[in-house]
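Take a look at the letters that make up each chain.
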Amino acid sequence: MDTIKNTANYVGDKVNEATSGASKEANKNVAKDSDASLGTRASAAKDAVGDKIDESKNSASAEGNKQAATH
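Keep in mind the model is a prediction, meaning the values are calculated, not measured. (Residues numbered from 1 in each chain as written. Predicted model: local features only at pLDDT ≥ 70, side-chain atom pairs only at ≥ 80, totals over all residues. Heavy atoms only, no water.)

**Thoughts on helix H1 (residues 2-32)**
- An ideal rise of 1.5 Å per residue puts 45 Å on 31 residues; H1 measures up with 44 Å between its terminal C-alpha atoms.
- All of the buried residues in H1 are Asn6, Asp13, Glu17, Ser20, Gly21, Lys24, Asn27 and Ala31.
- In the core, the buried residues of H1 are packed alongside helix H2 (38-70). (Helix = DSSP H or I, 4+ residues; strand = E, 2+ residues; numbered from the N terminus. Expected span 1.5 Å × (residues − 1). Buried < 20%, exposed > 50% of the residue type's maximum accessible area, 1.4 Å probe, protein only. Contact = heavy atoms within 4.5 Å.)

Here it is as structure tokens:
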């Protein structure tokens, strides 16, 4: 039963990792957009950093769940 739970958690973490990665890239593009206001660019840059942190956390969690599911 734990293997099924770990596998489900792994899949969820990978989805969250992909979502955070996509959001990070979108925010990076806004931060680089010279047509956007300085406030918008700064906010997007801050959000991109947060998305990168979330992406890293989800990746680490996914790896842990993958290892737990295979042992």
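**Brief notes about H2**
- Relative to the 48 Å expected for 33 residues at 1.5 Å per residue, H2 spans 48 Å between its end C-alpha atoms, a close match to the ideal helical length.
- Along H2, the residues classified as buried are Ala44, Ala48, Asp51, Glu55, Asn58, Ala62, Asn65 and Ala69.

**Some details on the pattern of salt bridges**
- For the coordinates displayed, the defined rule picks out six salt bridges.
- A salt bridge links Glu25 to Lys24; its shortest N-O distance comes to 3.7 Å.
- Residue class for Lys24 comes out buried when judged on its relative accessible area of 13%.
- For Lys46, the salt bridge is made with Asp47, and the minimal N-O distance between the two is 3.3 Å.
- By relative accessible area, Lys46 is classed as exposed at 56%.
- Connected via shared salt-bridge partners are Lys24, Glu25, Lys28, Lys52 and Glu55. (Salt bridge = Lys/Arg side-chain N within 4 Å of Asp/Glu carboxyl O.)

These results come straight from atomic positions and should not be treated as a statement about function.
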